[in-house]
Amino acid sequence: MIGQNDDRRIRQLIETAAQAAAGGRMQEADRLVRQAEAEAPRHPLVLNETARRLLLSGDAAQAHALLTQAVSQDSSNASVWLNLAAALRGLKRADEEMAAIDKALTLEPRNLRAMLQKASLQEIQGKPRAAAMTYRHVLQSVPSGSLPPQSLRPVFQHALQFVAANDRDLEQFIESRLKNLRERYKDEPLQRFDRCLETLLRKKAVYRPQPSFMYFPRLPAIEFYDRREFPWLDSIEAATDDIRAELINVLQDGPSVLVPYVDIPAGMPLDQWRELNQSRRWGVYYLWHEGVAIADHIARCPRTVAALEAWPRCEVPGCSPTAVFSILDAKTRIPGHTGVSNTRLIVHLPLIVPPGCGFRVGGERREWQPGKAFVFDDTFEHEAWNDSDVPRAVLILDIWSPHVSAAERDMVRQVTADVGEFYGTGSYHEGSS
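Residues numbered from 1 in each chain as written. Predicted model: local features only at pLDDT ≥ 70, side-chain atom pairs only at ≥ 80, totals over all residues. Heavy atoms only, no water.

1. A look at the pattern of salt bridges
Applying the stated rule across the entire model yields 30 salt bridges. One salt bridge in this structure joins Arg413 and Asp410, with 2.6 Å as the shortest N-O distance. Of this pair, Arg413 and Asp410 both sit in helix 15 (residues 406-423), three residues apart, which is roughly one turn of that helix. The network of salt bridges with shared partners includes Arg333, Arg360, Glu381 and Glu383. (Salt bridge = Lys/Arg side-chain N within 4 Å of Asp/Glu carboxyl O. Helix = DSSP H or I, 4+ residues; strand = E, 2+ residues; numbered from the N terminus.)

2. Focus on the packing of aromatic side chains
The tally for this structure, following the rule as stated, stands at 14 aromatic pairs. Plain terms: the ring middles of Phe359 and Phe376 are 5.0 Å apart, the flat faces sit at 70 degrees to each other, and that makes the pair edge-to-face. Pair noted here: Phe359 is in strand 7 (residues 357-361) and Phe376 is in strand 9 (residues 374-376), with a separation of 17 residues, a long-range link. By the burial criterion, Phe359 is buried, and Phe376 matches it. Considering the side-chain rings of Phe422 and Tyr423, the 5.0 Å spacing of their centres and the 80 degrees angle between planes classify their relative orientation as edge-to-face. Here the two residues Phe422 and Tyr423 agree in accessibility, since each one is exposed. Three or more aromatic residues link up through ring pairs in this structure, and these residues are Phe224, Phe359, Trp368, Phe374 and Phe376. We note Arg313 situated over the ring of Trp288; from NZ or CZ to the ring centre the distance is 4.5 Å. (Phe/Tyr/Trp six-rings, centres within 6.5 Å; stacked < 30°, edge-to-face > 60°. Buried < 20%, exposed > 50% of the residue type's maximum accessible area, 1.4 Å probe, protein only. Lys NZ or Arg CZ within 6 Å of the ring centre and 35° of its normal.)

3. With respect to the sheet that holds strand 5 (residues 332-337)
Read across the open sheet, the four strands follow the order 5-10-7-8; overall the sheet is antiparallel. A single partner strand is all that each edge strand has here, and the edge strands are strand 5 and strand 8 (364-366). This sheet shows a mean twist of 10 degrees between the axes of neighbouring strands, independent of strand direction. (Pairing = 2+ DSSP bridges. Axes fitted to C-alpha atoms, helices over the stretch in contact; angles between N-to-C directions.)

4. A short note on the nonpolar core
In terms of nonpolar packing, the biggest core is built from 36 residues, with Leu84 and Tyr135 touching the most fellow members. Broken down by secondary-structure element, the contributors of at least two residues to this core are helix 3 (44-57), helix 4 (60-73), helix 5 (78-90), helix 6 (94-107), helix 7 (112-124), helix 8 (128-141) and helix 9 (153-184). With eight residues, helix 5 is the largest single contributor of residues to this core. Formed by 33 residues, the second largest nonpolar core is a distinct cluster that contains Leu247, Val305, Leu349 and Ala373. (Core = buried A, V, L, I, M, F, W, Y, C linked by side-chain atoms within 4.5 Å.)

5. Remarks on the environment of Glu229
By secondary structure assignment, the location of Glu229 is in the loop between helix 10 (191-200) and helix 11 (233-238). Overall, the relative accessible area of 44% leaves Glu229 in the partly exposed class. For the pair Glu229 and Val375, spaced 146 residues apart in sequence, the C-alpha separation works out to 9.5 Å.

6. Overview of unusual backbone geometry
Note that the residue after Ser320, namely Pro321, is joined by a cis bond; omega there is 20 degrees. Within the element layout of this structure, Pro321 appears in the loop between helix 14 (302-307) and strand 4 (323-328).

7. Comments concerning helix 2 (residues 26-39)
The terminal C-alpha atoms of helix 2, which comprises 14 residues, lie 20 Å apart, in line with the 20 Å expected from a rise of 1.5 Å per residue. All of the buried residues in helix 2 are Ala29, Leu32, Val33 and Ala36. When helix 2 is viewed along its axis, its buried side chains cluster within an angular range of 100 degrees and face the same direction. Facing away from the buried side of helix 2 by over 90 degrees, the exposed positions are Gln27, Arg34 and Ala38. (Expected span 1.5 Å × (residues − 1). Arc of directions from axis to C-beta.)

8. A closer look at the pairing of strand 4
Burial within strand 4 is extensive, with six of its six residues counted as buried. Residues Ala323, Phe325 and Ile327 line one face of strand 4 and the alternating positions Val324, Ser326 and Leu328 line the opposite face, and both faces are buried. As defined by bridge partners, strand 2 (residues 282-289) adjoins strand 4 across six bridges and the pair is classed as antiparallel. Across the sheet, the residue bridging to Trp282 is Leu328, located in strand 4.

9. Details of helix 7
Over its 13 residues, helix 7 extends 18 Å from the first C-alpha to the last, a length consistent with the 18 Å expected when each residue adds 1.5 Å. Those residues of helix 7 that fall on the buried side of the exposure criterion are Ala114, Met115, Leu116, Gln117, Ala119, Leu121 and Gln122. Contacts made by the buried residues of helix 7 are with helix 5, helix 6, helix 8 and helix 9. One or two steps after helix 7, the chain reaches Gly126, where phi turns positive at roughly 75 degrees. (Contact = heavy atoms within 4.5 Å.)

What follows is the structure, encoded as structure tokens:
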């Protein structure tokens, strides 16, 4: 019987050996293991380490014998159960292997090695659906942005491929079962259901409004709104040629006519805006800026201003309305970001759209089509890119969300003004690509 102090010493020797091995100091690791073996050859951790080495040499039977002794002495160590499962894999005793894996997971439910071995065994047992679910659980257990241990990365790559293949099989299975229903409802609008299905199949991520200033609850969370809800856009679209011509005339004055959209002062964190801060690669020409009409700019664009008579402006003193020509330079990308409040929506009227441009709001992508306006909620993460060799130009407007009542709009105006007064600022910054 090993005393408590001896047990603590053996555990420390084995742990130090493992750390030395992980650091590439194999001679030191071997010396520490031999020392532990000499002092307590029947200690469960010594048996486990000896068995692990036997497994590496291919002797599953002898390893199994030692590990059986180890778990009979100490059944509380997940590593011992995992090595026993590996020995049972070598002996092709699948049911016992699964029982050993389950023992390890009972002790450590998030043990990646145990979950991966369980999924691998389910594959061997001809249970691909169960294996896919286990592999998915493994992938979800790794925090976003983190990498698995180097030794496990090939297995993780297999897990990714296995899950992707399973999702394709699931999609084919579901669509075969939906065939009759799709035929029955072929004239019904099913875009929301299709998006639901894409999310279920993990073809698209789930995005939610994340305003940087004000979140208004119980408003619809819709990335792109139905164009038919905004019939007043018809007259603005009809003036596209005139609006474009006035913009081109302005741009003939050269790059200096534009101001950088992103203008973060020194000392503030730049985050994703490092490349575009104070750069005309994303340049703008304001007609209205945070509620203020830019008189000389308006004077240069009379036909544009006339077309905007139909525009139902989002009036929040010091903050909106905003009407701006947004020029995205060639080979430039606007990184993902969110707007200030879901009480308002954003309108894009595309004017100059070379090939290679695109726009994403949440999980939906759109290509701009000159003269075809769309409306979106910019509090979803959104980004824009221009991979062409010439600039892209869009007219951007803000409007109230149609789901915010007149009384609620007055309340929002008041609170926004109060926040500005409290902090001694008159506006909030926004970005809508």
